[in-house]
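Observations on the model geometry
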Amino acid sequence: MNDEADTAPWDASTPVTMDIRLSVNRTGYPLTVDTRETLLDTLREQLDLIGAKKGCDHGQCGACTVLVDGRRMKSCLALTVTLDDREITTVEGLADGTIPHPLQTAFIEHDAFQCGYCTPGQLCSAVGMLAEAAAGWPSVVTPDVSTSPRLDDHEIRERMSGNLCRCGAYVNIVAAIGEVAP
């Protein structure tokens, strides 16, 4: 069969879209997204949630970190179409109404930010990290993997190592997380 449609070249510049439903910060959004679109771009460009930042666009800096089903995820690496019907939490969704999340309060009290660019990713990563530790997940520096990890400064630094701060506020970030850690 020599049909013209079968022999026409595929045009990669023409987007392929898909209808999905995202749940972001406990609100459902029906969306049509380009199948090549990252979660970071969807959050920022379609939902106007600009907390997560585009730092490196390679998953190396952590400025784009959000929570997906309670787990940390670099949103610049995740294709939005893969997250249909998943629960996404951004920094905008951490507070309980007008009451800040305890980590948000601790970051302010400990001056755990300088320019603030990485702060949303640091906060989301810290929330996910505390949940991982509470579930008993060890890290590479956990001395005894048969017990629940103790979140001392060394353990916190290791668990937060995927989030960079170009201003060097690490000491204060670790102190803020340590204050909230059980």
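Everything discussed here concerns the structure shown above.
Numbers given for residues are sequential positions, taken from 1 along each chain in its written order. For a predicted model such as this one, the threshold for reporting local features is a pLDDT of at least 70, and the threshold for listing and counting side-chain atom pairs is 80 or more; totals across whole chains, interfaces and linings nevertheless cover every residue. Hydrogens and water molecules were not included; the side-chain quantities draw on all heavy atoms of the structure.

1. A look at the pattern of salt bridges
Close approach of charged atoms allows side chains with opposite charge to pair. Salt bridge criterion: a side-chain nitrogen from Lys or Arg within 4 Å of a carboxyl oxygen from Asp or Glu. Counted under the stated rule, the structure contains 6 salt bridges. For Asp 41, the salt bridge is made with Lys 54, and the minimal N-O distance between the two is 2.9 Å. Residue Asp 41 is found in helix α2 (residues 39-46), and its partner Lys 54 is found in the loop between α2 and β3 (65-68); the two are separated by 13 residues along the sequence. The rule is simple: take the accessible area with a 1.4 Å probe, protein chains only, and divide by the maximum for that residue type; under 20% is buried, over 50% is exposed, in between is partly exposed. Its relative accessible area of 17% is what places Asp 41 among the buried residues. The closest approach of N and O atoms between Arg 159 and Glu 155, which form a salt bridge, is 2.8 Å. Here the residue Arg 159 and the residue Glu 155 both occupy positions in helix α5 (residues 153-159), the gap between them amounting to 4 residues, near one helical turn. Residue class for Arg 159 comes out buried when judged on its relative accessible area of 8%. Secondary structure elements are defined from DSSP: runs of H or I of at least 4 residues count as helices, runs of E of at least 2 residues count as strands, and each element is numbered from the N terminus.

2. As for the environment of Tyr 117
Relative to the elements of secondary structure, Tyr 117 occurs in the loop between α3 (102-109) and α4 (119-134). The class of Tyr 117 is partly exposed, set by a relative accessible area of 35%. Between two residues, a contact is recorded if the distance between any of their heavy atoms is within 4.5 Å. Ignoring anything within four residues of it in the chain, the contact list for Tyr 117 reads Lys 53, Lys 54, Gly 55 and Ala 63. We call two N or O atoms a polar contact when they sit within 3.5 Å, provided that within protein one can donate a hydrogen and the other can accept it, with sequence-adjacent residues counted only if both atoms are side-chain atoms. Polar contacts involving the side chain of Tyr 117 include one to the main-chain carbonyl oxygen of Lys 54, which spans 2.7 Å.

3. Here we look at α2
The complete set of buried residues in α2 reads Leu 39, Leu 40, Asp 41, Thr 42 and Leu 43. Looking at the packing, one finds that the buried side of α2 touches β1 (17-24), β2 (27-34), β3 and β5 (87-89). Of the residues trailing α2, Asp 48 is marked for its positive phi of about 55 degrees.

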